[in-house]
Amino acid sequence: MSINQGYATRNQVKAALRIGTADTIDDDLIDNCVGAASRLIDGYCNRRFWQTGTAEARIYQAEDSFYCSIDDIAGTAITLKTSSQADGTFDVTWKVSDYQLEPLNGNLDGLTWSYDKIRAVGDYLFPTVNANYGEQALVQVTAIFGWPSVPEPVTQATIIQASRIFKRYDSPLGVAGFGDLGAIRVSRYLDPDMAQLVEPYRRMRIFA
């Protein structure tokens, strides 16, 4: 099998496991571990770091008249529209001068970052619940979603977690071995180093 939207390569994980590239007996299993670790990181971070192949149209509900959070986009090429009548038709197309992508310069706290917010700075404001539209998604963004490239900490976290998943097969029934106090069991928690590496990239969800 091949790795689908993985954040590390098979050979990177093999190197971490000290498995030579000529040894191919576990290649399918390693690919599966890389895929599983990548999706685990997606879920932990509440975002994904791979790109959509083509531009997609997605809809959002703006936080207020000046500010709208969106999914991560891989560049600055977007089409922004809003619905003036809240009727499912996005009839207002914004010019590039009407909005500002943030974080500014694609940088957040010293980290290279994907754009995930839009600020109104020109002729239009975002339609919101304050305009008696109700809780509707009245903002449409067409773009290539994802990250321009996978951050290095995410790749390293994937290698660590994929290696851990692979080694889990050496501990049947969750028992890694036996010591003076009895069975040594595998922790059911995420690898702490993996969590530390991707912690800055976590998107916190706030539910009303």
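Scroll up to find the structure this text is about.
On to the packing of helix α2 (residues 27–45) against helix α3 (residues 152–167), then. The interhelical angle for the contact between α2 and α3, taken along N-to-C directions, is 125°, at an axis separation of 8 Å. What the angle tells us is that α2 and α3 run oblique. Note on packing geometry: the crossing formed by α2 with α3 is right-handed. Only V154, A157, T158, Q161, A162, I165 and F166 of α3 make contact with α2, whose side of the interface consists of L29, I30, C33, V34, A36, A37, S38, L40 and I41. Considering only residue class, the contact of α2 with α3 consists of 13 nonpolar, three polar and no charged.

In this section: the sheet that holds strand β8 (residues 115–120). Sheet architecture is open: three strands sit in the order β2-β8-β5, paired in antiparallel fashion. Of all strands in the sheet, those bounded by a partner on one side alone are β2 (67–73) and β5 (99–102). Here the average twist between neighbouring strands, direction ignored, is 25°.

In this section: the side chain of D27. Its location among the elements puts D27 in helix α2. There is a polar contact of 2.7 Å between the side chain of D27 and the side chain of K14. Excluding anything up to four places from it in sequence, D27 contacts R10 and K14.

Definitions and limits used
Residues numbered from 1 in each chain as written. Predicted model: local features only at pLDDT ≥ 70, side-chain atom pairs only at ≥ 80, totals over all residues. Heavy atoms only, no water. Axes fitted to C-alpha atoms, helices over the stretch in contact; angles between N-to-C directions. Helix = DSSP H or I, 4+ residues; strand = E, 2+ residues; numbered from the N terminus. Parallel < 35°, antiparallel > 145°, perpendicular 65-115°, else oblique. Left-handed = near helix turned anticlockwise from the far one by under 90°. Contact = heavy atoms within 4.5 Å. Nonpolar A, V, L, I, M, F, W, Y, C, P; charged D, E, K, R; others polar. Pairing = 2+ DSSP bridges. Polar contact = N/O pair within 3.5 Å; in protein donor to acceptor, adjacent residues only side chain to side chain.

Scope: geometric values only; no functional claims are made or implied.
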